[in-house]
Amino acid sequence: MAAGFFVSCAAQDLVLPPPVKTGGKPLMEALNDRQTTREFSDKELDSQTLSDLLWAAYGFNRDDKRVVPSANNKQEFTVYVVMKSGIYVYDAKENTLIQKKSGDFRTSTGKQDFVAVAPVNLVFVADMNLMQSKETANADCGYISQNVYLYCASAGLGTVVRGWFDADEVRKALELGENQEPILTQTVGYKK
Ligand SMILES: Cc1cc2nc3c(=O)[nH]c(=O)nc-3n(C[C@H](O)[C@H](O)[C@H](O)COP(=O)(O)O)c2cc1C
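Here goes a summary of the coordinates provided.

**What about the nonpolar core?**
Formed by 45 residues in total, the largest nonpolar core has its most connected members in Ala-57, Val-79, Tyr-80, Val-81, Leu-122, Phe-124 and Val-148. Mapped by element, the contributors of at least two residues to this core are helix 2 (47-58), strand 3 (77-83), strand 4 (86-91), strand 6 (120-127), helix 3 (134-155), helix 4 (167-174) and strand 8 (180-189). The element contributing the most residues to this core is helix 3, with eight residues. If we ignore the near neighbours within four places in the chain, the residues touching Phe-124 are Phe-77, Val-79, Cys-141, Ile-144, Ile-183 and Leu-184.

Dropping the structure here:
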């Protein structure tokens with residue numbers, strides 16, 4: 001499949017190309033380059049970059065286990081992807097973005113101006129029924145966020161993890177259930 005093109009399956013779901021699990025910067029260089037960015041261009045991520053980013057964040061690297069650890073292997077997170085075209089859930093098994101809503105809800109994910117400019121805002125949502133405690137969910141979320149930081153450092157993208165958001169506004173926009181708690185958000189895009 002050519003990079004840069006999405007294949008549509010049902011409704012406006014987006015089937016991503018398989019993630020490329022080789023290459024990138026050596027780990028020590030990625031660590032050296034990891035940093036927060038708060039100025040983004042509005043350039044979209046192509047589908048290959050989105051696939052690689054999401055796999056780095058929360059993909060599977062073994063049959064039923066992921067690139068990130070989780071306390072007692074609860075795997076309690078769902079990664080929501082908020083873009084200009086809509087709100088999606090990352091289905092790591094199918095490598096697909098399942099569309100939950102169409103429309104641009106990026107401003108609902110945060111209070112800082114760049115959320116409306118950058119192409120991608122991730123929302124890391126914990127299932128309170130699965131998680132051990134808020135503390136372990138916070139810790140588990142940190143691994144996801146750091147993987148995004150390292151992928152972005154490797155791929156030359158900018159990113160900022162964000163705790164500053166209105167949880168009720170996020171819950172409303174994402175239409176979260178009572179058991180779902182947004183823990184952190186993270187903006188990704190090209191640096192301005
Ligand atoms: C849990 C957490 C929440 C954060 N929330 C925000 C935020 O809401 N907005 C923001 O601009 N930066 C946020 N940051 C980014 C920090 O400000 C940033 O990591 C710190 O200034 C160090 O900069 P560096 O990441 O470039 O090393 C957050 C970082 C963490 C770990």
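This is not the end of the story, as more comes after the structure.
**Observations regarding helix 4**
When helix 4 is considered as a whole, its buried residues turn out to be Val-170, Ala-173 and Leu-174. All buried residues of helix 4 project into a common sector of 85° when viewed along the axis, lining one side. Turned more than 90 degrees away from the buried face of helix 4, the exposed residues are Asp-168 and Lys-172. Looking at the buried positions of helix 4, the neighbouring elements they touch are strand 3, strand 4, strand 6 and strand 8. After helix 4 finishes, the residue Glu-175 shows a positive phi value of roughly 55°.

**Topic: the site of the ligand**
Gln-35, Thr-36, Arg-38, Gln-112, Val-160, Val-161, Arg-162, Gly-163 and Trp-164 make up every residue found near the ligand. The class makeup of the residues in the shell around the ligand is three nonpolar, four polar and two charged.

**Thoughts on helix 3**
In this model helix 3 runs 31 Å from its N-terminal to its C-terminal C-alpha over 22 residues, within 8% of the 32 Å that 1.5 Å per residue would give. Those residues of helix 3 that fall on the buried side of the exposure criterion are Ala-137, Asp-140, Cys-141, Ile-144, Ser-145, Val-148, Tyr-149, Tyr-151, Cys-152, Ala-153 and Ser-154. Structurally, helix 3 contributes buried residues whose contacts are with helix 1 (27-33), helix 2, strand 3, strand 6, strand 7 (158-162) and strand 8.

**Examining the pairing of strand 6**
Of all eight residues making up strand 6, seven are buried, and the element is well covered by its neighbours. Where strand 6 meets strand 8, eight bridges bridge the pair, whose relative direction is antiparallel. Its bridge partner being in strand 8, Leu-122 is matched across the sheet by Gln-186.

**A look at the environment of Asn-179**
Relative to the assigned elements, Asn-179 resides in the loop between helix 4 and strand 8. For Asn-179, a count of 12 C-beta atoms within 10 Å gives the class exposed. As a C-alpha pair, Asn-179 and Lys-134 span 45 residues in sequence and 12 Å in three-dimensional space. Ignoring sequence-local partners within four residues, the contact set of Asn-179 consists of Asp-127, Met-128 and Asn-129.

**Brief notes about the environment of Phe-40**
Mapped onto the elements, Phe-40 comes out in the loop between helix 1 and helix 2. Once residues lying within four places of it in the same chain are set aside, the contact partners of Phe-40 are Phe-114, Val-117, Ala-118, Gly-158, Thr-187, Gly-189, Tyr-190, Lys-191 and Lys-192.

**What to know about the environment of Gly-189**
Relative to the helices and strands, Gly-189 is located in strand 8. The residues touching Gly-189, leaving out its near neighbours within four places in the chain, are Phe-40, Ser-41, Lys-43, Ala-118, Pro-119, Val-120, Leu-157 and Gly-158.

Definitions and limits used
Residues numbered from 1 in each chain as written. Predicted model: local features only at pLDDT ≥ 70, side-chain atom pairs only at ≥ 80, totals over all residues. Core = buried A, V, L, I, M, F, W, Y, C linked by C-beta atoms within 7 Å. Buried ≥ 20, exposed ≤ 12 C-beta atoms within 10 Å, placed from the backbone. Helix = DSSP H or I, 4+ residues; strand = E, 2+ residues; numbered from the N terminus. Contact = placed C-beta atoms within 7 Å. Arc of directions from axis to C-beta. Near = placed C-beta within 6 Å. Nonpolar A, V, L, I, M, F, W, Y, C, P; charged D, E, K, R; others polar. Expected span 1.5 Å × (residues − 1). Pairing = 2+ DSSP bridges.

These figures come from the coordinates and say nothing about function on their own.
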